Amino acid sequence: MKTETLIKVILNSGNLAVYECQPQHIPREDISQSREWPIMYGTQIAHQLRGQWFKSGGWQEITEPKTLKLLNNL
């Protein structure tokens, strides 16, 4: 059973990124610092720049329709 959760975050740059993280690292409304948890403890799997999604760690564009739909619907 998979226990990771995908969460879309807004980075300080204003760009979007998607992180895979454990459920205990999902931000909570009652803890203001928790919005940094996915970035601190998760693994970035994709980032967005000017409306285009790229694989983490570089600039390889994600073009597979199923993956783009998943990223855009988070």
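Our subject is the structure that appears above.
Rules behind the numbers
Residues numbered from 1 in each chain as written. Predicted model: local features only at pLDDT ≥ 70, side-chain atom pairs only at ≥ 80, totals over all residues. Heavy atoms only, no water. Helix = DSSP H or I, 4+ residues; strand = E, 2+ residues; numbered from the N terminus. Rg over C-alpha atoms; globule rule 2.2 N^0.38 Å. Buried < 20%, exposed > 50% of the residue type's maximum accessible area, 1.4 Å probe, protein only. Contact = heavy atoms within 4.5 Å. Areas by Shrake-Rupley, 256 points an atom, 1.4 Å probe, with all protein chains shown as cover. Phe/Tyr/Trp six-rings, centres within 6.5 Å; stacked < 30°, edge-to-face > 60°. Pairing = 2+ DSSP bridges. Axes fitted to C-alpha atoms, helices over the stretch in contact; angles between N-to-C directions.

### Digging into the overall build of the protein
Move 1: Helix and strand counts for the protein stand at two helices and four strands.
Move 2: Along the protein, helices (α) and strands (β) appear in the sequence β-β-α-β-β-α when read from the amino end.
Move 3: Against the compact-globule benchmark of 11 Å for 74 residues, the protein has a radius of gyration of 12 Å, which places it among compact chains.
Move 4: On the principal axes, the C-alpha backbone points of the protein span a range of 35 × 35 × 20 Å.
Move 5: Counting the 74 residues in the protein, one finds 24% classified as buried.
Move 6: Restricting to contacts in the protein with at least 6 residues of sequence separation, those with at least 24 account for 30%.
Move 7: Accessible surface, the protein: about 5300 Å² in total, of which carbon and sulfur atoms supply 52%.

### Regarding the packing of aromatic side chains
Move 1: According to the stated counting rule, one finds one aromatic pair in the structure shown.
Move 2: Geometrically, the ring pair formed by Phe54 and Trp59 is edge-to-face, given 5.1 Å between the ring centres and 75 degrees between the ring planes.
Move 3: Of the residues examined, Trp59 reaches a relative accessible area of 58% and is grouped as exposed.

### Some thoughts on the pairing of strand 4 (residues 52-55)
Move 1: Bridge analysis of strand 3 (residues 43-49) against strand 4 gives four bridges, and the strand direction is antiparallel. Pairing of Leu49 across the sheet is with Gln52, part of strand 4.
Move 2: Count of turn residues in the strand 3/strand 4 antiparallel hairpin: two residues, of which Arg50 carries a positive phi of about 50 degrees.

### Structural notes on the sheet that holds strand 4
Move 1: Taking strand neighbours across the sheet as the criterion, the four strands line up as 1-2-3-4 in an open arrangement whose pairing is antiparallel. On the outer flanks of this sheet lie strand 1 (5-10) and strand 4, each paired with one strand and no other. Averaged over all adjacent pairs, the angle separating strand axes in this sheet is 25 degrees, with direction ignored.

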